[in-house]
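# Coordinate analysis (summary)
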Amino acid sequence: MKSIKTTWCPGCGNFGILRAFINVIEKLNKEGIEKGKIVVSSGIGCHGKISDYLDLPSFHVIHGRVLPFLTGLKLANPELKAVGFVGDGDQYNEGIEHLIHAAKRNVDLALFVHNNGVFGLTTGQMTATTPRGKKTRSTPKGNPEYPINPLLLALSSGATFIARGYAGDMKQLEELMYDAIKHIGFAIVDILQPCVSFNNTWEFYNKNVEKLEKEASDIKEAIDIILSEKIYTGIIYRIRKDTFEESLGILKY
Amino acid sequence: MRKVVRGFYAIAYAVKLSKPNVICAYPITPQTEIVENLAEMYANGELENCEYITAESEFGAASVVLGASATGARTFTATSSQGLLLMTEVLYNAAGMRLPIVLAIANRAVSAPLSIWNDHQDSISVRDAGIIQIYVENNQEAHDMIPFAFKVAENKNVLLPFMVCVDGFKLTHAYEAVDLLNQEDVDNFLPPYNPVVSLRIDKPVAMGCYAPPPTYMEFRVALEYAMERAKKVIEDESKEWYEITGRDWGAHIKAEYCEDAEVAVIAMGSIVGMIRDVVEEMRKEGMKVGLLKIRTYRPFPAEEIRKALTNVNKVIVIERSLSIGSEPPVTLDVKSALFGHSSQEIHSVVLGLGGRDVPRTQIIKIIKEVYEGKVKPGKRYEGLKEFEEVIP
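Quick look at the structure, then. (Residues numbered from 1 in each chain as written. Chains lettered and ligands numbered in written order. Predicted model: local features only at pLDDT ≥ 70, side-chain atom pairs only at ≥ 80, totals over all residues. Heavy atoms only, no water.)

Quick look at the overall build of chain B now. From N to C terminus, chain B includes 12 helices and 15 strands. In terms of overall dimensions, chain B is globule-like: its C-alpha atoms have a radius of gyration of 21 Å, near the 21 Å expected for 392 residues. Projected onto its principal axes, the C-alpha coordinates of chain B cover approximately 70 × 55 × 50 Å. Across chain B, contacts joining residues at least 24 apart in sequence account for 81% of those joining residues at least 6 apart. Of the roughly 16,600 Å² of accessible surface on chain B, 54% is carried by carbon and sulfur atoms. Taking the average location of the 42 positive side-chain charges in chain B and that of its 53 negative ones, the two points are 3 Å from each other. (Helix = DSSP H or I, 4+ residues; strand = E, 2+ residues; numbered from the N terminus. Rg over C-alpha atoms; globule rule 2.2 N^0.38 Å. Contact = heavy atoms within 4.5 Å. Areas by Shrake-Rupley, 256 points an atom, 1.4 Å probe, with all protein chains shown as cover. Lys, Arg positive; Asp, Glu negative; His and termini not counted. Charge placed at Lys NZ, Arg CZ, Asp CG, Glu CD.)

The following block contains the structure:
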């Protein structure tokens, strides 16, 4: 796996995500999944540059549209492994509707959300996951809105693999990414990603993330974990349901 | 008060003085700092009777100001490039609903390929929506055109959205000495918005109704009539603006040295300043060259252009956008304005796409070649590198 010089800020959480993913790709390669089979798409934001840093087929789409792009890709070529990289601003703001519909369809893909709670590329405005009251450059009085709970939204929309990762725990993140790609159906990994320049949460997450010991056995338990005051990382819930491709009869697993 | 400020601040400050009631936007480079400055003014309590929010997308932002405007609020939003394209569906609706929303467009190239740098493709692409478009040359003009935009847009003979197009980075991020308006002057110029119809308790109306074939067409043609009436309103308000500020921007065009010019250059936006500089230098050398700056791209000033070019033999249209599959957009309009009236040579020169630098020497070369009859009329590109297309 080759990679080129990155333009992310030193100390950015994106490095952990990139490294973990490169390790996953190497592992998949060893298992016989050739590189050409894994297609990456990324949106607009700091995260979006990841497709430039990977030696994989990719499509850097316009803001917010990774999921419908990958849906189209899977419809036309279901044999491909589709991996989406998105940001919180990209997916939970501009592209929020696509999250609901792609999860509802249970399209077989893995979605990795670089969730730093801020628009980093435009230098620090509030996004859908910015905590209420937080001062950002677009909310200098403090954010008047409640943040969304992306995993609760994904779960209620029908996502069949729900996980939370942390850019500061590469080993666990690697496992989560691997499992998400291996999962048959719509997999989302919301990755807590500190933004050193505009929302530096390294210290907070280092103190507050906690590994989930056991994934939920049903949806109610999953909701409890997601709504818990503790910030659990790990696979929260997974279930095997017919994928969109299976429902359409274009792919059998 | 003359102050050295950056373009985005000059725009934000003028928005503040225009006393908007609702501001809503979504971050996008190079627009972000305009609304960021407004967010700060809002946080500091400098914006009275005004709410500011960040929307979930540009589509959302345009829809929020649409809703606010429908209740009779004075509204402002700003965007660039992809953001403007995403707003487009809403903006056509706003124009059709005759809601005088004011937008600042920090002009930026559109994707693909992905670029954050300046050209005019974004705003040019929404030219048919029924939105007044003005292209400014510097940050003073950008600053001045904000209250001006509200005044024209809210005029009962007009009632159309108004777009102030400002070259991204080149103007938005540039430092410039700007004579900042004072509140009293703006208040004297711009009265509070008094909507004809709005969603309010005492006089309920239904808005956005379905128009079947027997009624649809009249609404669309009425939009066209409103745009035509906007021409006169823009002229009148430009005169008033001059009286208040002493700054004469012209109304639809600003023609300089065109009366006896052999060659006239037509352009819009920040590039005009450099062209003027070149034209003035050439005049000193005895060359009969002129400059025609187009300010209002919509409504398009066909008559004014015709008049200004009466004595001109050759016209160079310098453009920073394309209409893929036809001639460049401004060229098309200029040709249409002259057709049947005169037969100047028209040179259509596309340059500076996606922020490609346009050096002064390039402008000199373009004008000299035409002046000396070294190039044939028609469309060409300047600053284009030699490249080979891979056609499989």
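What follows covers the packing of helix 4 (residues 96–105) of chain A against helix 5 (residues 150–157) of chain A. Residue and element names in this part refer to chain A. Between helix 4 and helix 5, whose axes approach to 8 Å, the crossing angle comes to 40 degrees. Between helix 4 and helix 5, the crossing angle belongs to the class labelled oblique. The residues of helix 5 that touch helix 4, namely those facing Ile96, Leu99, Ile100, Ala103 and Lys104, are Leu153, Ala154 and Ser157. Class assignment for the residues of the contact of helix 4 with helix 5 results in 6 nonpolar, 1 polar and 1 charged. (Axes fitted to C-alpha atoms, helices over the stretch in contact; angles between N-to-C directions. Parallel < 35°, antiparallel > 145°, perpendicular 65-115°, else oblique. Nonpolar A, V, L, I, M, F, W, Y, C, P; charged D, E, K, R; others polar.)

Residue and element names in this part refer to chain B. Summarising the element assignment, glutamate 176 is placed in strand 8 (residues 175–179). Among buried Asp, Glu, Lys and Arg side chains, glutamate 176 stands out as unpaired, with arginine 2 the closest opposite charge at 7.5 Å. Among all residues touching glutamate 176, those that are not within four sequence positions of it are Lys3, Val4, Val5, Asn138, Asn139 and Gln140. (Buried < 20%, exposed > 50% of the residue type's maximum accessible area, 1.4 Å probe, protein only. Salt bridge = Lys/Arg side-chain N within 4 Å of Asp/Glu carboxyl O.)

Next up on the list: the pattern of salt bridges. All names here are of chain B. Tallying each qualifying case throughout the model produces 36 salt bridges over all chains. We note a salt bridge from glutamate 240 to lysine 151, for which the minimum N-O separation is 3.2 Å. Placement of glutamate 240 in helix 8 (residues 213–245) and of lysine 151 in helix 6 (residues 139–154) is noted, with a sequence separation of 89 residues between them. Its relative accessible area of 26% is what places glutamate 240 among the partly exposed residues. Lysine 365 serves as the salt-bridge partner of glutamate 369, at 3.8 Å between the closest nitrogen and oxygen.

Next up on the list: the nonpolar core. All names here are of chain B. Judged by nonpolar contacts, the single largest core of 56 residues is most densely connected at Ile11, Leu38, Phe76, Ile132, Phe162 and Val164. Filtering out sequence-adjacent residues up to four positions away, isoleucine 132 remains in contact with Val152, Val158, Leu160, Pro161, Phe162, Met163, Met227, Ala230, Ile234, Arg298 and Pro299. One finds Ala62, Leu84, Ala308 and Val330 within the second-largest nonpolar core, a separate group that totals 44 residues. (Core = buried A, V, L, I, M, F, W, Y, C linked by side-chain atoms within 4.5 Å.)

Attention now goes to the sheet that holds strand 14 (residues 345–350) of chain B. Residue and element names in this part refer to chain B. If you trace the 6 strands from one edge of the open sheet to the other, you get 9-11-10-13-14-15, paired in mixed fashion. Each edge of the sheet is formed by a strand with only one pairing partner; in this case those strands are strand 9 (253–256) and strand 15 (378–381). Here the strands of the sheet are splayed against their neighbours by 20 degrees on average, with no regard to which way each runs. Packing against the sheet, helix 11 (residues 329–338) makes contact with strand 10 (263–267), strand 11 (289–294), strand 13 (314–319) and strand 14, and its axis sits at approximately 150 degrees to strand 13. (Pairing = 2+ DSSP bridges.)

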